[in-house]
Amino acid sequence: MSNKLIIFDTTLRDGEQSPGASMIKDEKVRIAKVLEKMQVDIIEAGFAIASVGDFEAVQAVANVVQDSVICSLARALDKDIDRAGEALKGANASRIHTFIATSDIHMKMKLQMMPDQVVEQAVRAVKRAKRYTDDVEFSPEDAGRSDEDFLCRIIEATIKAGATTINIPDTVGYNIPHQFGLTIKSLIERVPNSDKAVFSAHCHNDLGLAVANSLSAVLNGARQVECTINGLGERAGNTSLEELVMAVRTRQDIFDCDTDINTTHILSASRLVSSVTGFIVQPNKAIVGANAFAHEAGIHQDGVLKHRETYEIMRAEDVGWNANQLVLGKHSGRNAFKVRLAELGAEFDNEESLNDAFRRFKELADKKHEIFDEDLQALVSETQTEAYESIKLVSLKVCTETGEENTATVVLSINDKEQTATANTSGAVDATFSAIDSLAGIKINLQLYSVSNVTQGTDALGEVNVRLEYDGRIVNGQGVDTDIITASAKAYIHGLNKVLAATNKAHSQI
């Protein structure tokens, strides 16, 4: 059995299925580049048949990434597989991941197919995928609730048809570690040609057991794990890449395998995904949370000062926390700025984008004395986000007085044409959003509004996240500024641009 544990990252596909976490093509490419730098083995870039946007995103990632295998998901349908193959044409190395449901409830209620038909369709799908690539993965959807005898039958048939990876999904997060591990072990032992394929685990976190189930699968013979940055994913999320990788790396006394992941890029990847999706990482999140390596209890502090291993089982710098240092200020030059951002995994497509980011850095340095890496990453995300937005904030004036209505006057650039609107309501943020709505010409339903500080101090950047709903579509928007009202306007406009892009609403009509 191989001692290499393959990391299959599905942040750009399954992670994106979190309500509001949809990403545009450029955002997927940015994240993919960081995953490549982390030495992720396979990047599932999307579901090519799902939409034109998804197809273009898979295609863009395939054309840019050189060192990781690029994968597209496809149902066990000819049109899905052909679309995936088309999107992956430019990839240096590609994989098609095809699936069909195998649990009784899914076959009966969703597919309305008999078991024999499901096996036949799965085999046909694998064979069709082999036309485009030798690297084909098959997943029996809802395997965690499927009959094991039927799983053995369909797995044997798909391996015979050419599948090189067999992924076992706990699609609804129903399994528990001991049971899931035994399922993996039993399938490997019972399927006659199991030695011809790599077995994989794909676990959901509905019961909070995704990482535990995945680790159990590894202990029982799985040599690929499908996971996401920050555990992002629909419902309660997927297996957290950072937790899975560091558990295996830290407990080499238990695991007889390891990954090739460059763990020093974990923190920057976490922050980028959080920034792009607007999904905030809770402070007590393992590995990447703000408190992951913090010690407040006196006895803990004393122990760490005397000997780090007394209370720390990992080195903070091994996952990127060593980069969390104050390194730049208002006297820093452009080259130092560029080098530091490169160390954080931020790249620019052209000099114009770099110059814009540097200008924003200088403006921020005039507002706050201490510039932290979190500030830089927030600044870069804002710069790269605005590059594709057709609606931009030009200026904002808010007047507030106790006991009186608040007034907000907003100037927006819409398709490079400035427009102004004023609104009066009981709250400054509400007035700002109302003014923006009047210019946009549509009424957005605000589902979530949250404010947090990027770093410490009263002069810290404020980060605002909003969740917007329009016509059944949910998106997240994010904005940062030293002024909370301005950050709120930026977040709302960011989300609004996503809504318009998702609904293909012509901006010229706004």
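None of the values given here were measured: they were computed from a predicted structure. (Residues numbered from 1 in each chain as written. Predicted model: local features only at pLDDT ≥ 70, side-chain atom pairs only at ≥ 80, totals over all residues. Heavy atoms only, no water.)

Time to look at the overall build of the protein chain. Each helix and strand in the protein chain was counted, giving 16 helices and 14 strands. In terms of overall dimensions, the protein chain has C-alpha extents of about 75 × 65 × 45 Å along its principal axes. Classification of the 510 residues of the protein chain by burial places 55% in the buried group. Across the protein chain, every contact between residues at least 6 apart in sequence was considered, and the portion connecting residues at least 24 apart equals 67%. Approximately 21,900 Å² of the protein chain is accessible, and the part contributed by carbon and sulfur atoms is 48%. Averaging the coordinates of the 52 positive side-chain charges in the protein chain and doing the same for the 73 negative ones gives two points 4 Å apart. (Helix = DSSP H or I, 4+ residues; strand = E, 2+ residues; numbered from the N terminus. Buried < 20%, exposed > 50% of the residue type's maximum accessible area, 1.4 Å probe, protein only. Contact = heavy atoms within 4.5 Å. Areas by Shrake-Rupley, 256 points an atom, 1.4 Å probe, with all protein chains shown as cover. Lys, Arg positive; Asp, Glu negative; His and termini not counted. Charge placed at Lys NZ, Arg CZ, Asp CG, Glu CD.)

Turning to its location among the elements, Ala197 is positioned in the loop between helix 7 (177–190) and strand 7 (198–203). In sequence terms Ala197 and Glu463 are 266 residues apart; their C-alpha atoms lie 46 Å from each other. Those residues within four positions of Ala197 in sequence are excluded, and the remaining contacts are Ile159, Ala163, Thr164, Thr165 and Ile166.

Okay, the nonpolar core next. With 91 residues, the main nonpolar core has Met38, Ile70, Ile154, Ile155 and Ile166 as its most contacted residues. Aside from chain neighbours lying at most four places away, what touches Met38 is Ile229, Leu241, Asp260, Ile261, Asn262, His265, Ile266 and Ala269. Of all hydrophobic cores here, the second largest spans 25 residues; its members include Ile391, Ile442, Ile444 and Ala489. (Core = buried A, V, L, I, M, F, W, Y, C linked by side-chain atoms within 4.5 Å.)

Positive phi outside glycine occurs at Gln39, with the angle close to 70°. If you trace the backbone, Gln39 turns up in the loop between helix 1 (25–37) and strand 2 (42–46). Of note, Asp471 is a non-glycine position whose phi angle comes to about 55°, a positive value. Relative to the helices and strands, Asp471 is located in the loop between strand 13 (462–470) and strand 14 (473–481). Given the relative accessible area of 65%, Asp471 is considered exposed.

Turning our eyes to something else, we now look at the packing of aromatic side chains. The relative placement of two aromatic rings is captured by the distance of their centres and the angle of their planes. According to the stated counting rule, one finds six aromatic pairs in the structure shown. Ring centres of Phe433 and Tyr449 lie 6.2 Å apart, and the angle between their planes is 70°; this geometry places the pair in the edge-to-face category. With Phe433 in helix 15 (residues 428–440) and Tyr449 in strand 12 (residues 445–453), the pair connects residues that are 16 residues apart, well separated along the chain. The class for Phe433 is buried, based on a relative accessible area of 5%. The class of Tyr449 is partly exposed, set by a relative accessible area of 31%. Grouped by ring-pair contacts, the aromatic residues Phe337, Phe358 and Phe361 constitute a single cluster. Taking NZ or CZ as reference, Arg83 lies 3.7 Å from the ring centre of Phe55, over its face. (Phe/Tyr/Trp six-rings, centres within 6.5 Å; stacked < 30°, edge-to-face > 60°. Lys NZ or Arg CZ within 6 Å of the ring centre and 35° of its normal.)

Here we come to the sheet that holds strand 8 (residues 224–227). Spatially, the eight strands close up into a barrel ordered 1-2-3-4-5-6-7-8, and their pairing is parallel. Direction aside, neighbouring strands of the sheet carry axes that sit 25° apart on average. Its contacts with the sheet place helix 6 (residues 148–161) against strand 4 (94–101), strand 5 (136–141), strand 6 (165–170) and strand 7, and it is angled at close to 150° to strand 6. (Pairing = 2+ DSSP bridges. Axes fitted to C-alpha atoms, helices over the stretch in contact; angles between N-to-C directions.)

Turning our attention to the state of the cysteines. Taken as a whole and assessed by the stated rule, the structure comprises zero disulfides. Not part of a disulfide, Cys203 finds its nearest cysteine sulfur in Cys227, a span of 10 Å. Looking at Cys257, it has no disulfide partner, and the nearest cysteine sulfur is the one in Cys227, 13 Å off. (Disulfide = S-S within 2.5 Å.)

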